[in-house]
Amino acid sequence: MTHALEIRNLHIYYNSFHAVKGISITIPTNTITAIIGPSGCGKSSFLRVINRMNDLVPHARILGEVFFRGVNIYDPSVCEIDLRRRMGMVFQKPNPFPFSIFDNVAFGLRIQNRRDKVFLQERVEESLRRCALWDEVRDRLHQSAYELSGGQQQRLCIARALAVYPDVLLLDEPCASLDPKATKRIEELLQKLKEEITIVIVTHNMQQARRISDYAAFFHSGELVEWGTSAEIFDYPKKQLTQEYTQGLFG
Amino acid sequence: MHKFADRMFITLSLAALMFTLLMLFALLVDVFVDGVTRLNGQFLTSFPSRKPEEAGILAALVGSVSLITLTAAIAVPLGVGSAVYLEQYAKRSRFNALMDINIGTLAGVPSIIYGLLGLALFVRVLALDRSLISGALTLSLLILPIIIIASREAIRVVPTSLQDGAFAIGATRSQVIRRIVFPLALPGILTGIILALSRAIGETAPLIAIGALTYIAFLPDSLSSPFTAMPIQIFNWVSRPQEAFHANAAAGIILLLAITLLFNAVAICTRNHFYKISAHCS
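## Section: the sheet that holds strand β6 (residues 87-90) of chain A
All names here are of chain A.
- Strand order across the open sheet formed by 6 strands is β6-β7-β8-β3-β9-β10, with mixed pairing between neighbours. Among the strands making up the open sheet, the edge pair consists of β6 and β10 (223-229). Shown here is a sheet whose adjacent strand axes are inclined to one another by a mean of 15°, direction ignored.
- Here strand β9 (residues 215-220) runs beside β10; their pairing, made up of 6 bridges, is antiparallel.

## Some details on the pattern of salt bridges
Residue and element names in this part refer to chain A.
- Under the defined criterion, the tally for this structure stands at 22 salt bridges over all chains.
- Ionic pairing is found between Asp55 and Arg52, a salt bridge with its closest N-O pair at 2.9 Å.
- Classification of Asp55 as partly exposed rests on a relative accessible area of 33%.
- Residue class for Arg52 comes out buried when judged on its relative accessible area of 11%.

## Observations concerning the nonpolar core
- The biggest cluster of nonpolar side chains holds 98 residues, and the ones touching the most others in it are Leu5 and Phe46 of chain A together with Ile180 and Leu207 of chain B.
- Those residues in contact with Leu5 of chain A that sit more than four places away from it in its chain are Ile25, Thr26, Ile27, Ile50, Phe67, Phe68, Met87, Val168 and Val200 of chain A.
- Core analysis: the second largest hydrophobic core is formed by 48 residues, Trp134, Leu141, Leu162 and Phe218 of chain A among them.

## Notes on the sheet that holds strand β4 (residues 60-68) of chain A
Residue and element names in this part refer to chain A.
- Spatial ordering of the open sheet is given by β2-β1-β4-β5, a layout of 4 strands whose pairing is antiparallel. Of all the strands in the sheet, the pair left with one neighbour each is β2 (17-28) and β5 (71-72).
- The pairing of β4 with β5 spans 2 bridges and is classified as antiparallel. The residue bridging Phe68 from the neighbouring strand is Val71, located in β5.
- Each of β1 (3-14), β2 and β4 is contacted by helix α1 (residues 43-50), which is oriented at about 120° to β1, the strand it contacts most.

## Remarks on the state of the cysteines
- Going through the model one piece at a time under the given rule, you end up with 0 disulfides over all chains.
- The closest cysteine sulfur to the non-disulfide-bonded Cys157 of chain A is located on Cys131 of chain A, 9.8 Å from its own sulfur.

## Some remarks on the interface of chain A and chain B
- The interface is formed by 24 residues belonging to chain A together with 19 residues belonging to chain B.
- Considering only the surface of chain A that becomes buried against chain B, Phe107, Ile111 and Tyr146 of chain A emerge as the three largest contributors, covering 26% of it.
- The tally of links from chain A across to chain B stands at 1 salt bridge.
- In this structure, Asp164 of chain B and Arg48 of chain A form a salt bridge, with 3.8 Å as the shortest nitrogen-oxygen distance.
- Connecting chain A to chain B are 3 residue pairs in polar contact (both at pLDDT 80 or more).
- If one sorts the elements of the side of chain A that touches chain B by residue count, helix α3 (residues 101-110) of chain A sits on top with 3 residues.
- For the side of chain A that touches chain B, the per-class residue count stands at 14 nonpolar, 3 polar and 7 charged.

## Here's the deal with the side chain of Asn96 of chain B
Residues and elements named next belong to chain B.
- By secondary structure assignment, the location of Asn96 is in helix α4 (residues 94-107).
- Side-chain polar atoms of Asn96 contact the backbone oxygen of Lys91, separated by 2.6 Å.
- Setting aside its immediate chain neighbours within four residues, Asn96 contacts Leu86, Ala90 and Lys91.

## Observations regarding the pairing of β2 of chain A
Residue and element names in this part refer to chain A.
- Here 9 bridges tie β1 to β2, and the two strands are oriented antiparallel to one another. From the neighbouring strand, His3 faces β2, where its bridge partner is Pro28.
- Connecting the antiparallel pair β1 and β2 is a turn made up of 2 residues, with Asn15 showing a positive phi of about 50°.

## Brief notes about the pairing of strand β3 (residues 32-36) of chain A
Residues and elements named next belong to chain A.
- Summarising burial for β3: 5 of the 5 residues are buried, a large majority.
- Burial along β3 is two-sided: the residues Ile32, Ala34 and Ile36 and Thr33 and Ile35 are all buried.
- Inspection of the sheet shows β3 paired to strand β8 (residues 198-202) by 4 bridges, in the parallel sense. Along β8, the bridge assignment pairs Ile35 with Val202.
- The sheet contact formed by β3 and β9 spans 4 bridges and is parallel. From the neighbouring strand, Ala34 faces β9, where its bridge partner is Ala216.

## Quick look at unusual backbone geometry
- The phi angle at Asn113 of chain A is positive, at roughly 65°, despite the residue not being glycine.
- With respect to the helices and strands, the residue Asn113 of chain A is situated in the loop between α3 and α4 (117-130).
- Judged by its relative accessible area of 53%, Asn113 of chain A falls in the exposed class.
- Positive phi, close to 50°, is recorded for Ala127 of chain B, a residue that is not glycine.

## Considering the confidence of the model for chain B
- Taken as a whole, chain B shows an average pLDDT of 88; of its residues, 96% reach a score of 70 or greater.
- Within chain B, helix α7 (residues 160-168) of chain B carries the highest mean pLDDT (95), whereas helix α11 (residues 243-281) of chain B carries the lowest (81).

Here is what the cut-offs are and how they apply
Residues numbered from 1 in each chain as written. Chains lettered and ligands numbered in written order. Predicted model: local features only at pLDDT ≥ 70, side-chain atom pairs only at ≥ 80, totals over all residues. Heavy atoms only, no water. Pairing = 2+ DSSP bridges. Helix = DSSP H or I, 4+ residues; strand = E, 2+ residues; numbered from the N terminus. Axes fitted to C-alpha atoms, helices over the stretch in contact; angles between N-to-C directions. Salt bridge = Lys/Arg side-chain N within 4 Å of Asp/Glu carboxyl O. Buried < 20%, exposed > 50% of the residue type's maximum accessible area, 1.4 Å probe, protein only. Core = buried A, V, L, I, M, F, W, Y, C linked by side-chain atoms within 4.5 Å. Contact = heavy atoms within 4.5 Å. Disulfide = S-S within 2.5 Å. Buried area = accessible area lost by both parts, 1.4 Å probe. Polar contact = N/O pair within 3.5 Å; in protein donor to acceptor, adjacent residues only side chain to side chain. Nonpolar A, V, L, I, M, F, W, Y, C, P; charged D, E, K, R; others polar. pLDDT = per-residue confidence, 0-100.

Set out below in structure tokens:
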């Protein structure tokens, strides 16, 4: 088994607040890894370190190493823009741009100066098909993305991320604002996508983590309490704290 | 008892409103009665004259339009550029906090001060003389803080979630600004610009301070031409003893009001458009 990501002794500080305290973890290629834990445990911070979105946060300080395909992404020679083009990110609240459906999906390609119309059309269709959205929007590609439902908007955001062929997809509670039906569609979608792409998903929803993940990591107050296969974490946790959390005794 | 107090309060605030409206209305009616008969083709196409019935507003109208166009050309790129820098690039530092306060203060500095600065800097030191460009530079200084503040406000309300979405897909800061922030902030920025320009077109004091002329019998033909503007012409006519000149002044005021009203109408339309978009995003 190869590793898409290897994180070594990661610390994140916001001013004097120590948000993530020395986390080391590896993320295997073409699997779904779920990051679970109570609010404020550093899950989202951890996710935003992987594609260097934390660079945008003033006063954030990152120590440790994050290897992506053998390269430390915090090495000064690594360009964070190129890195982000290889890592898709989906946010808690669907955030389509105020453009048409087509222009949303084509955005990532256009900013890389891909302007060939035929190419864009093919890639947009392909990305929408991968997200099982094509049949729902094929007749209204040039209408505003805001006319879609919340679940459709979130799948559009996934399609937008996939259009640039990322190697890794990072999802930060992607179903938090969706109803169960829309959530189910996204989960099915992720199951299919993991054949081609490595997925890291932050979730509050234990059932969801158990249903879709191959590996799970339990964070608590900035520390990695335990990580392993989902079966280990959910059925045979080694630590008392993990068991209490996954069984819903606190949260 | 509570009800009585409530009613008193409503009555008082209504009275305050009515008083203000009535005063304004009286002023407007007065100006219209005095000036509306003078507002004809001859008035619009004539230069100033010693004879009030032959005098017209042409030089001042063309002067004002040239002045505002030039002012916009100078102040808009500078103001919007500053706002983009302050909102998107500047780090939070003590220096920038100080700048914030200063820009706010500059927006409240009396316009005559800008006029005196323009006189010292543009007219004298840079030897631009009492020209159109001196006037435009002076008015630009005057409205820059307004444009900066309005543009910053418009840029700040562009949802962070959209900017994050663009960053996460590998957009550079300048791509995020050009493709996400700017289109969404544009109507708000335009509103600020139009309101600032509608203030500039009515300014008299700074132009008098830099020594803009009142008697101009030709149209400005270059940046270094002497010029006059509508508020100056109006001021000049009002200060003449002859009644007939006062009618000219009133007609000039109606014209200036109409232009300002037009500016404000455009500003309101763009703002409404803006709210429609931002309501979508949130």
